Amino acid sequence: MGRSRRTLPEELLLLALDPTTGTTAQPQSLDLGLAGAQLVELALAGRIAPDGDRIAVVVPRPTGDPTLDCALELLRRRGAPVRAVNWIGGPRLGLRQTYLSHLERCGMVHAVAGQMCGVLPTTRYQATDTEISREIRSRLDSAIRTGVPPDPRTAALAALAHAVGLGKHLYPGNEGRSSRSRLRDLIRHDPMGGLVAHAVMDVQNGVAAQPRRSPAPAGRQAPAGGRGAPEPARGVPAQPHRGSMARVAAH
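This structure is a prediction, so every number in the text was calculated from the model and none was measured.

Q: Could you clarify how one ought to interpret the overall build of the protein chain in this entry?
A: Looking only at helices and strands, the protein chain has ten helices and five strands in total. In the protein chain, buried positions account for 44% of the 251 residues. Counting contacts in the protein chain only where the partners sit at least 6 residues apart, residues at least 24 apart contribute 70% of the total. A total of about 12700 Å² of accessible surface is found on the protein chain, and carbon and sulfur atoms cover 53% of it.

Q: Is there a simple way to explain the pairing of strand 2 (residues 54-57) in this structure?
A: Looking along a regular strand, one sees side chains alternate from face to face of the sheet. Note that strand 1 (residues 48-51) and strand 2 share four bridges and pair antiparallel. By the bridge assignment for strand 2, Pro50 is matched with Ile55. In textbook terms, the turn of a hairpin is the stretch between consecutive antiparallel strands, and for strand 1 and strand 2 this stretch comprises two residues, one of which, Gly52, has a positive phi near 70°. Pairing of strand 2 with strand 3 (residues 82-83) involves two bridges; the strand directions are antiparallel. Looking at the pairing, Ile55 lines up with Val82 of strand 3.

Q: Honestly, the pattern of salt bridges in this entry has me stumped. Any pointers?
A: Once the charged atoms of two side chains with opposite charge are near each other, the side chains can pair. Summed over all chains, the structure comprises eleven salt bridges. Ionic pairing is found between Glu41 and Arg153, a salt bridge with its closest N-O pair at 2.8 Å. Taken together, the residues span a long stretch of sequence, with Glu41 in helix 2 (residues 27-44) and Arg153 in helix 7 (residues 152-163) at a distance of 112 residues. Arg153 matches Glu41 in its accessibility class, with the two residues each being buried. Its salt-bridge partner being Asp185, residue Arg184 comes within 3.6 Å of it at the nearest N-O pair. For Asp185, a relative accessible area of 30% puts it in the partly exposed group. Each of Arg6, Glu11, Glu135 and Arg139 takes part in a single network of salt bridges with overlapping partners.

Q: What's the story with the packing of aromatic side chains in this structure? I'm lost.
A: Each pair of aromatic rings is reported with the distance of its centres and the angle of its planes. According to the stated counting rule, one finds zero aromatic pairs in the structure shown. Arg137 extends its terminal NZ or CZ atom over the ring of Tyr171, reaching a point 4.8 Å from the ring centre.

Q: Just to check I follow, could you spell out the environment of Ala158 for this structure?
A: Residue position: Ala158 is located in helix 7. The sequence separation of Ala158 and Arg184 amounts to 26 residues, and the corresponding C-alpha distance is 7.4 Å. Ignoring anything within four residues of it in the chain, the contact list for Ala158 reads Leu140, Leu183 and Leu186.

Q: Whenever I open this one, helix 9 (residues 177-185) confuses me. Can you help?
A: It helps to recall that an α-helix has 3.6 residues per turn; residues three or four apart then point in one direction. Buried within helix 9 are the following residues: Ser179, Arg180, Arg182 and Leu183. Viewed along the axis of helix 9, the buried residues span an arc of 160°, placing them on a single side of the element. Residues Arg177 and Ser178 are exposed on helix 9 and point more than 90 degrees away from its buried face. Tucked inside the fold, the buried residues of helix 9 contact helix 6 (130-146), helix 7 and helix 8 (167-170).

Conventions used here
- Residues numbered from 1 in each chain as written.
- Predicted model: local features only at pLDDT ≥ 70, side-chain atom pairs only at ≥ 80, totals over all residues.
- Heavy atoms only, no water.
- Helix = DSSP H or I, 4+ residues; strand = E, 2+ residues; numbered from the N terminus.
- Buried < 20%, exposed > 50% of the residue type's maximum accessible area, 1.4 Å probe, protein only.
- Contact = heavy atoms within 4.5 Å.
- Areas by Shrake-Rupley, 256 points an atom, 1.4 Å probe, with all protein chains shown as cover.
- Pairing = 2+ DSSP bridges.
- Salt bridge = Lys/Arg side-chain N within 4 Å of Asp/Glu carboxyl O.
- Phe/Tyr/Trp six-rings, centres within 6.5 Å; stacked < 30°, edge-to-face > 60°.
- Lys NZ or Arg CZ within 6 Å of the ring centre and 35° of its normal.
- Arc of directions from axis to C-beta.

Following this line, the structure appears as structure tokens:
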């Protein structure tokens, strides 16, 4: 995989990066979104494929991208398809910082040291080429404005942006309500992106503990504890993910 094309995790992070403050929007859920974006990128590269609600490695050959190849190797070591919701809900400490450092090495952002309250050291990140961020944003805007089905990469990016709660950051206020709704609707244009985006939202809503089970046979009552009850509906993230690092200022 060459560096001529930005990966989805990189694009999602650049989309979340505030050009004014140098901080990332939705930092609590962004690690989940980055983990999901890795899955979509690996699927686009032909390395993994969906198997129901699970993810299976189909070609274990490295992509050439160190961060993606680390995720691919971890998936390969599982030895069997893994549920997307379990993979995304796994430990993700520092994934956001990993990608920020990666973008800095690639020259796409630069770190700016500072202090919080005049005491605590902080690091903010500024995009070195704002044209890249504008291009990413324009793809989403075009898909929302025209209603033309976007390419799978843009559809997946839209799905992930909605899943991590970037809608209000990208399209704020009452005037952005219709755009946020359209952003949510773009989730249906890419099956893999939709699977991953729903898994991200399920993790945030606490729907990751058990897979769906078939209804209990007639005459038998579901076990105590609610396992036979339907899962909560997928929707807007309800609880922040607590596994991400808080190394960037004002997050």
